[in-house]
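# Chain and residue survey
Each chain, written out:
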Amino acid sequence: MAKTPFDIELDELTLARARRGNMDACEQIYRLYRQPAYSVACRVCSCRELAQEVTQEAFITAFRKLGQFRGDSPFWGWLRRVVVNHSISSLRKSPKADPVELKDHHASSEASADRIGLAMDLESALSVLAPEDRAIVWLHDVEGYNHQEIAGLFGKTESFSKTRLSRARSKLRDLLDAPSAMGLAQSALAN
Amino acid sequence: MLYSKVHIMQKEQDPLNLGSLPQISPPDDDWPVIRDALVQHQKKRRFTRMAFSALAAAATVTLAVGLFINQPVVSPAPVSVDSPVASTAAPVVNGERTLDSLIALSQQMENRVRTFRTEVGGMPTDSLIYQVELEDLVAQVDFELSVQPDSIDLWSQRVNLLLDLSRLYQNQLRRDYHRMASL
């Protein structure tokens, strides 16, 4: 079974020290969750620079509000909510962000050629979606948010979330079924 | 059996298998920036706490004097030499009233803030940071109140913080209203 950020072990002592404002403990937490936090921000914002800013702000907010984390659920669940809130807020301010570039994803992948090909197709298809649609499909399908939570994040109704998810999935399916159409769409985006 | 159930659920949740995409690595180490921001925040918080204590003390004195002037003087119970309790009971009356009215005021303010919170939409970053700081301070005062529940000083701090929060929301609502009106 693949490891998820929920599996990251964070000991109570580090958490307690961080709550008291100990910088070494905060740094330890930052290093543990830096990558998943950035990854979620990147997927929601679809822009590396924006995602970096969002991750910074999210960690600052999280450390300031650490006293509000009760510890009765996994820390990543709480931190992820902070990251997603900041990401959506940034997305609303600058919705026309540049899509995530594929070349970096290439370099980091160590899977087989087939899997890389499939991942590339998925990445390409995602980059064609509208920013809000991309964020919604990611939050629902990968992060496990329900429609009520997504609606709350965007300040809209549940039917908004359902409609956009269905539209995004259908567009993704079309794009994955017809790679040539995806190429056209991407070149249209580039132009 | 269990595996196939989990597999089906995952398929329904993520039909396009987006979850299979790898995590994206962050480009730079942002810890120095985050640490500096946190250190600044800690300094500012210490200063704010000191300023609030001074303000709260002043507010308490004003409130106590106001209550003392406006309230009819409670005639102390006849002091009996045999009753040691009676001699200490009378002077507490004004203090208790101050505490009660502060608690009531704090509850009122909290209800008001709660109502505003449901009405206000997205906030700009600067207001959001201020809101987070204020909520942080309220949480801290709440923690201190759990240790000293009868501290007039702490209750006045709480009222002042909630008043600031309520002003923040009111301003945002005003902004939202003007934005809607201009459409």
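Residues numbered from 1 in each chain as written. Chains lettered and ligands numbered in written order. Predicted model: local features only at pLDDT ≥ 70, side-chain atom pairs only at ≥ 80, totals over all residues. Heavy atoms only, no water.

Our focus in this paragraph is the overall build of chain B. Across its full length, chain B holds 5 helices and 0 strands. Along its sequence from the N terminus, chain B presents helices and strands in the succession α-α-α-α-α. Taking the intrachain contacts of chain B between residues at least 6 apart in sequence as the baseline, contacts between residues at least 24 apart amount to 82%. Here chain B has roughly 11,800 Å² of accessible surface; of this, 62% comes from carbon and sulfur atoms. (Helix = DSSP H or I, 4+ residues; strand = E, 2+ residues; numbered from the N terminus. Contact = heavy atoms within 4.5 Å. Areas by Shrake-Rupley, 256 points an atom, 1.4 Å probe, with all protein chains shown as cover.)

Quick look at the packing of helix H3 (residues 48-64) of chain A against helix H4 (residues 75-93) of chain A now. Residue and element names in this part refer to chain A. H4 packs onto H3 with a crossing angle of 130° between their chain directions and a minimal axis gap of 9 Å. Judged by the angle between their axes, H3 and H4 are oblique. By crossing handedness, the relation of H3 to H4 is classed as right-handed. In this structure, H3 uses Leu 50, Val 54, Glu 57, Ala 58, Phe 59, Thr 61 and Ala 62 to contact H4, whose residues at the interface are Trp 78, Leu 79, Val 82, Val 83, His 86, Ser 87 and Ser 90. The residue makeup of the contact of H3 with H4, split by class, is 9 nonpolar, 4 polar and 1 charged. (Axes fitted to C-alpha atoms, helices over the stretch in contact; angles between N-to-C directions. Parallel < 35°, antiparallel > 145°, perpendicular 65-115°, else oblique. Left-handed = near helix turned anticlockwise from the far one by under 90°. Nonpolar A, V, L, I, M, F, W, Y, C, P; charged D, E, K, R; others polar.)

Attention shifts here to the side chain of His 147 of chain A. Residues and elements named next belong to chain A. The residue His 147 is located in helix H8 (residues 147-154) in this model. For His 147, a relative accessible area of 16% gives the class buried. Here the side chain of His 147 touches Ser 161 through a polar contact of 2.7 Å, side chain to side chain. In contact with His 147, not counting residues within four places along its chain, are His 140, Glu 158, Ser 161, Lys 162 and Leu 165. (Buried < 20%, exposed > 50% of the residue type's maximum accessible area, 1.4 Å probe, protein only. Polar contact = N/O pair within 3.5 Å; in protein donor to acceptor, adjacent residues only side chain to side chain.)

The next point concerns the nonpolar core. Ranked by internal contacts, the top residues of the largest apolar core, which has 63 residues, are Phe 63 and Phe 75 of chain A. Apart from residues lying up to four places away in sequence, Phe 63 of chain A is in contact with Cys 26, Ile 29 and Tyr 30 of chain A together with Trp 31, Ile 34 and Leu 38 of chain B. Listed in part, the 21 residues of the second largest apolar core include Val 113, Leu 134, Leu 161 and Leu 165 of chain B. (Core = buried A, V, L, I, M, F, W, Y, C linked by side-chain atoms within 4.5 Å.)

To continue, consider the interface of chain A and chain B. With 41 residues of chain A at the interface, the matching set in chain B holds 36 residues. Between chain A and chain B the total buried area reaches about 3,700 Å² when both faces are included, carbon and sulfur atoms providing 62% of it. Counting across the chain A and chain B interface gives 2 salt bridges. The residue Glu 133 of chain B makes a salt bridge to Arg 64 of chain A at a minimum N-O spacing of 3.9 Å. The element best represented in the side of chain A that touches chain B is helix H2 (residues 23-45) of chain A, accounting for 12 residues. (Buried area = accessible area lost by both parts, 1.4 Å probe. Salt bridge = Lys/Arg side-chain N within 4 Å of Asp/Glu carboxyl O.)

Below, the discussion takes up H4 of chain A. With 19 residues, H4 of chain A should cover 27 Å at 1.5 Å per step; its first-to-last C-alpha distance of 28 Å lies within 8% of that length. Among the 19 residues in H4 of chain A, 14 count as buried, and that is most of the element. (Expected span 1.5 Å × (residues − 1).)

To continue, consider empty space enclosed by the protein. Empty space among the atoms becomes visible once a probe the size of a water molecule is rolled across them. The final tally for this structure, using the stated rule, is 2 cavities of 30 Å³ or more. Estimated volume of the second largest cavity: approximately 50 Å³. Looking at the second largest cavity, the residues that line it are Tyr 30, Arg 34, Tyr 38, Gln 52, Thr 55 and Gln 56 of chain A together with Pro 26, Asp 28 and Asp 30 of chain B. Taken together, the elements giving at least two residues each to the lining of the second largest cavity come down to H2 and H3 of chain A. Looking at the lining of the second largest cavity residue by residue, the classes come out as 3 nonpolar, 3 polar and 3 charged. (1 Å grid on protein atoms, 1.4 Å probe; cavity = no way out; pocket = protein on both sides within 12 Å on 5 of 7 lines; lining within 4 Å. Points joined across faces, edges and corners; volume = space filled by probe spheres on them.)

This model, assessed by the stated rule, comprises 10 aromatic pairs over all chains. Measuring from ring centre to ring centre gives 5.7 Å for Tyr 30 of chain A and Trp 31 of chain B, while their planes differ by 35°; the resulting arrangement is tilted. Of this pair, Tyr 30 of chain A sits in helix H2 while Trp 31 of chain B sits in helix H2 (residues 31-70), each in a different chain. Taking relative accessible area as the criterion, Tyr 30 of chain A reaches 2% and is therefore assigned buried. (Phe/Tyr/Trp six-rings, centres within 6.5 Å; stacked < 30°, edge-to-face > 60°.)

With that out of the way, let us pick up the pattern of salt bridges. Within this structure, the stated rule accounts for 15 salt bridges over all chains. The partner of Glu 27 of chain A in a salt bridge is Arg 31 of chain A, with the nearest N and O atoms 3.0 Å apart. One end of the pair is Glu 27 of chain A and the other is Arg 31 of chain A, both in helix H2 and 4 residues apart, which spans about a single turn. Judged by its relative accessible area of 24%, Glu 27 of chain A falls in the partly exposed class. Among the salt bridges present, the one from Asp 164 of chain B reaches Arg 167 of chain B, with a minimum N-O distance of 3.3 Å. Of this pair, Asp 164 of chain B and Arg 167 of chain B both sit in helix H5 (residues 152-182), 3 residues apart, roughly one helical turn. Taking relative accessible area as the criterion, Asp 164 of chain B reaches 17% and is therefore assigned buried.

Here we come to the confidence of the model for chain B. Residue and element names in this part refer to chain B. When pLDDT is averaged along chain B, the result is 74; 70% of the residues meet or exceed 70. Here helix H1 (residues 2-13) stands out as the element of chain B with the lowest mean pLDDT, 56, in contrast to H5, whose mean of 83 is the highest. Below a pLDDT of 50 lies the segment residues 73-92, which in the model reaches 3 contacts outside its immediate sequence neighbourhood of four places, other chains included. Two summary scores accompany this predicted model of the complex, namely pTM at 0.58 and ipTM at 0.76. (pLDDT = per-residue confidence, 0-100.)

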